[in-house]
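The chain contents come next:
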Amino acid sequence: MSNYCLDRQRKRFTVVALLVLAAALVWFFSPGLPVLWGPWASAEERAAGKALFEHEWQPNDPLAGGDGLGPVFNARSCAACHFQGGIGGSGPNKRNVSTFEVHPTRADPNVRSGIIHAAATDPAYRESPALVRKLFPVVKGTTQVVEGCTVRIPDFDPLLTGSVNSTALFGAGWIDRISDKAIRHNLNKQMLANTAREFQLDFNTIGAGRPRVLPDGRIGKFGWKGQFATLQEFVAAACANELGLGNPLMEQARPLGKSDYPAVPPDLDHKQFTALVAFVDTLPRPVEVLPDDPAGREQAARGKELFHSIGCAQCHTPDLGGVKGVYSDFLLHVLEPPGSSAVYNTVEPPVPLPPDHPRPEEWKTPPLWGVADSAPYFHDGGSPTLEAAILRHKGDAASVTRAYQGLKKPDQQAVIAFLKTLRAPPPE
């Protein structure tokens, strides 16, 4: 082969290699492909899913392939906890779920979590905080001699309890389609912005947060702690844990302390479960509704500007991955100082939590679309109003809370007026 031909081949190879490298760099620094189309399901499948969502389940229910409701449960239907602003909305405090998490100890290095169910089909299966405490007692401290010094290791309580509020499911199908790459790209952009501000000696930056990376590498987008990567997994867990309905992805919850409770066939078959997921997937996304009067529209527009300028939009990202108006970065943020609540430990655990596991004071940023119709607020429903929720932001968002408090009263009212434009979708 002549030198001329070899030179041409080398040049072609170099050009191709440079193009591949350029494409790789563009892809690496890009937010990935946006969501190009929304959820869809046939009218027949959605109707079947809606019927299951609203169905009042009973023990040995004729619609179930297993034992029906239970043996332990929190409600008899999905709609019992998801109805504010319409079927699929959030729930009031009376529908809160009691949760527990057990931190690792030397005797048991695993993190365990679960629900203290409010009801049972048999009195023998009833659960209570006292039962959970019996199962996971305080680890008594010891005294050790280390290099001639007596060291007292204090008692350690591995049990954390809490209460979580039911979230609205509107637009969940759109969230399901936001890519992990879009979330990571937004995080990187925020970190760069924070670094730039710090170089300008502005240290009032908001912590960039971190993704909930699940054991298989995916990012969790659903659940207050980002426990689930997909809507399908979220629905499966809700069926199994809240209603006691086994399904193709998850067995029904067994009563606490009854590990020998017999396995039963799934209550929902593949067709039923697919229809239920399709209904939740296609729930319409919330909307922004401006007031009818010019003064009200002007106030809401002013509030939207302030929402951005005081830093709310850094965590409640308006648009992400091609989904507009979602107002979340889907990252974990510290919202409360460690030890600020009675349910939190102040003693350092003998075995540290896994690096990717959320700490007690970390919570995933909830989407704000539809927030006007989803009171009460925060993970525990402990904030009855929008302003109460804003003032409760500490930790990473403390500077934003201070900025809001520094606003004049009309501007504070304008921020609230803007948030009140974020409404649940109108009835279909």
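Cut-offs applied
Per chain, the residues get numbers from 1 upward, laid out in the order the sequence is written. Only residues with pLDDT of 70 or above have their local features reported here, since the model is predicted, and side-chain atom pairs are shown and tallied only from 80 upward, although totals for entire chains, interfaces and linings are computed over all residues. Side-chain measures were taken over the full set of non-hydrogen atoms in the model, leaving aside hydrogen atoms and water. Secondary structure elements are defined from DSSP: runs of H or I of at least 4 residues count as helices, runs of E of at least 2 residues count as strands, and each element is numbered from the N terminus. In what follows, a contact means two residues having at least one pair of non-hydrogen atoms within 4.5 Å. Only the protein chains shown count as cover for residues, and all accessible areas are computed by the Shrake-Rupley method using a 1.4 Å probe. Axis definition: a line fitted to C-alpha atoms, limited for helices to the stretch in contact. Angles are taken between N-to-C directions and run from 0 to 180 degrees. Whether a crossing is left-handed or right-handed is set by the direction in which the near helix is turned from the far one by less than a right angle, anticlockwise for left-handed and clockwise for right-handed. Residue type decides the class: Asp, Glu, Lys and Arg count as charged, Ala, Val, Leu, Ile, Met, Phe, Trp, Tyr, Cys and Pro as nonpolar, and the leftover types, Gly among them, as polar. Two rings belonging to Phe, Tyr or Trp (six-membered ring only in the last case) form a pair when the distance between their centres is within 6.5 Å. Interplanar angles under 30 degrees mark stacking, angles over 60 mark edge-to-face geometry, and anything in between is tilted. A 1.4 Å probe rolled over the protein chains alone gives each residue an accessible area, and that area as a share of the maximum for its type sets the label: buried under 20%, exposed over 50%, partly exposed in between. Between any two strands, pairing holds if DSSP finds at least two bridges. We count a salt bridge whenever a side-chain nitrogen from Lys or Arg sits within 4 Å of a carboxyl oxygen from Asp or Glu. Pairs of cysteine sulfur atoms within 2.5 Å are what we label disulfides.

(A) Local environment of the overall build of the protein. On a plain count of helices and strands, the protein comes out with 11 helices and 11 strands. Of all intrachain contacts in the protein linking residues separated by at least 6 positions in sequence, the fraction that spans at least 24 positions is 68%. Looking at the protein as shown, the accessible area adds up to about 22400 Å², and 59% of this sits on carbon and sulfur atoms.

(B) Expanded view of the packing of helix α6 (residues 231-243) against helix α7 (residues 270-281). Relative orientation of the contacting elements α6 and α7 amounts to 115 degrees, with a least axis distance of 10 Å. Seen along the crossing, α6 lies across α7 with a hand that is right-handed. The segment α6 lies against α7, with Leu231, Gln232, Val235, Ala236 and Cys239 engaging Phe273, Leu276, Val277, Val280 and Asp281. Taken together, the residues of the contact of α6 with α7 break down into eight nonpolar, one polar and one charged.

(C) Inspection of the packing of aromatic side chains at higher detail. Under the criterion given, the structure shown has eight aromatic pairs. Aromatic side chains phenylalanine 222 and phenylalanine 234 sit 6.0 Å apart centroid to centroid with 35 degrees between the ring planes, which places their arrangement in the tilted category. With phenylalanine 222 in the loop between α5 (180-199) and α6 and phenylalanine 234 in helix α6, the pair connects residues that are 12 residues apart, well separated along the chain. Of the residues examined, phenylalanine 222 reaches a relative accessible area of 7% and is grouped as buried. With relative accessibility at 16%, the residue phenylalanine 234 sits in the buried group. With 5.7 Å between their ring centres and 85 degrees between their planes, phenylalanine 307 and tyrosine 327 make a pair best called edge-to-face. With phenylalanine 307 in helix α8 (residues 294-309) and tyrosine 327 in the loop between α8 and β9 (332-334), this pair connects stretches of sequence that are 20 residues apart. The residues phenylalanine 307 and tyrosine 327 share a single accessibility class, namely buried. Among the aromatic side chains, those forming a connected cluster through ring pairs are Phe222, Phe228 and Phe234.

(D) Highlighting the pairing of strand β6 (residues 149-153). Bridge count for strand β5 (residues 142-146) against β6 is five bridges, and the pairing is antiparallel. Each residue of the ladder has a partner; that of threonine 143, found in β6, is arginine 152. Linking two consecutive strands that pair antiparallel, namely β5 and β6, is a turn of two residues; a positive phi of about 50 degrees is found at glutamate 147 within it.

(E) Fine view of the pattern of salt bridges. The final tally for this structure, using the stated rule, is 16 salt bridges. We note a salt bridge from arginine 152 to aspartate 155, for which the minimum N-O separation is 3.9 Å. With relative accessibility at 33%, the residue aspartate 155 sits in the partly exposed group. Among the charged side chains, a network of salt bridges with common partners joins Arg210, Arg359, Glu361 and Glu362.

(F) Main features of the state of the cysteines. The final tally for this structure, using the stated rule, is zero disulfides. Unpaired in this structure, cysteine 78 has its nearest cysteine sulfur neighbour in cysteine 239, at a distance of 5.2 Å. Just so you know, cysteine 81 is unpaired, no disulfide at all, and the nearest cysteine sulfur is the one on cysteine 78, 8.7 Å from it. A relative accessible area of 11% places cysteine 81 in the buried class.

(G) The environment of leucine 52, seen in detail. Counting through the fold element by element, leucine 52 comes out in helix α2 (residues 43-54). Spatially, the C-alpha atom of leucine 52 lies 6.4 Å from that of leucine 276, the residues being 224 residues apart in sequence. Beyond its immediate stretch of four places on either side in the chain, leucine 52 contacts Trp57, Leu63, Gln272 and Leu276.

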